[in-house]
Amino acid sequence: MGREIERPGLSPSSEELDFVRKAVDHVRIRSEAALTRKESEIRRLRAEVECLQIIKQRFESIVEAVPVIIFACNSKGDVTYINNSFTRLTGRPPEDALGAGWQSFTHPEDVANIKSALALAIQSGVPRGALMRMLQRDGAYATFSATGAAVRDGNGKFLEWYGMLIPQPGQLHVLSG
């Protein structure tokens, strides 16, 4: 191995060398063209990512600015997201409301009704409005109207529940922080 074997009379002809050169050039040109297409695709994808990041930042700014509590739940009714309006109301970080944590901030007399309404809404996909009281940082309860909508995939399969807790008239100040 590594040793060339001499074969007299088996040198490539000029036509064969020309053919090999053309084949190598053809592969090089096609490779460069493919690379140029890939680079163009990468630039396009980077621009799309940048655009999506801007849209995401706008959406997050809106969600955090509105004077309502916005949340998302999975099919079990566990909170998977809640905006910072929760913190303005309770003085606690949003993480404290995740999973079933929201129940500790809900008036004990309202928990069963809210869980039932949410379960029916998730199952049927039809919003079930409900009133609920949530504990404020000062220990008093504020009353909210709860509503939301199911998000489903193209086949109708439940993905997530997006909801809002809207302060009752005269109580909008409770979310002003």
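To keep things clear, this report deals only with the structure shown in the data block. (Residues numbered from 1 in each chain as written. Predicted model: local features only at pLDDT ≥ 70, side-chain atom pairs only at ≥ 80, totals over all residues. Heavy atoms only, no water.)

1. Details of the pattern of salt bridges
Applying the stated criterion across every chain yields a total of nine salt bridges. Here Lys 56 ties to Glu 60 by a salt bridge, and the two come within 2.9 Å at their closest N and O atoms. With Lys 56 and Glu 60 both in helix H1 (residues 14–65) and four residues apart, the pair spans about one turn of that helix. Residue classification places Glu 60 among the partly exposed residues on the basis of a relative accessible area of 37%. With its nearest N and O atoms 3.4 Å apart, the salt bridge here joins Arg 133 to Glu 109. With Arg 133 in strand S3 (residues 130–135) and Glu 109 in helix H3 (residues 108–124), this residue pair connects regions lying 24 residues apart in the sequence. (Salt bridge = Lys/Arg side-chain N within 4 Å of Asp/Glu carboxyl O. Helix = DSSP H or I, 4+ residues; strand = E, 2+ residues; numbered from the N terminus. Buried < 20%, exposed > 50% of the residue type's maximum accessible area, 1.4 Å probe, protein only.)

2. As for H3
With 17 residues, H3 extends 25 Å between its outermost C-alpha atoms, agreeing within 8% with the 24 Å of an ideal straight helix rising 1.5 Å per residue. Listed in full, the buried residues belonging to H3 are Asp 110, Val 111, Ile 114, Ala 117, Leu 118, Ala 121 and Ile 122. Within H3, the buried residues cover an arc of 145° as seen down the axis, which keeps them to one side. For H3, the exposed residues lying more than 90 degrees away from the buried face are Glu 109, Ala 112 and Gln 123. Against the buried residues of H3 lie strand S1 (69–73), S3, strand S4 (141–152) and strand S5 (158–167). Directly beyond the C-terminal end of H3, a positive phi value near 80° is found at Gly 125. (Expected span 1.5 Å × (residues − 1). Arc of directions from axis to C-beta. Contact = heavy atoms within 4.5 Å.)

3. Quick word on the sheet that holds S4
Spatially, five strands are ordered S2-S1-S5-S4-S3 in an open sheet, and the strand pairing comes out antiparallel. Every other strand in the sheet has two partners, leaving strand S2 (79–82) and S3 as the edge strands with one partner each. Within the sheet, the average angular offset between the axes of one strand and its neighbour, ignoring direction, is 30°. Pairing of S1 with S5 involves five bridges; the strand directions are antiparallel. From the neighbouring strand, Ala 72 faces S5, where its bridge partner is Tyr 162. In the packing of H3 onto the sheet, contacts are made with S1, S3, S4 and S5, and the angle to S3 comes to roughly 130°. (Pairing = 2+ DSSP bridges. Axes fitted to C-alpha atoms, helices over the stretch in contact; angles between N-to-C directions.)

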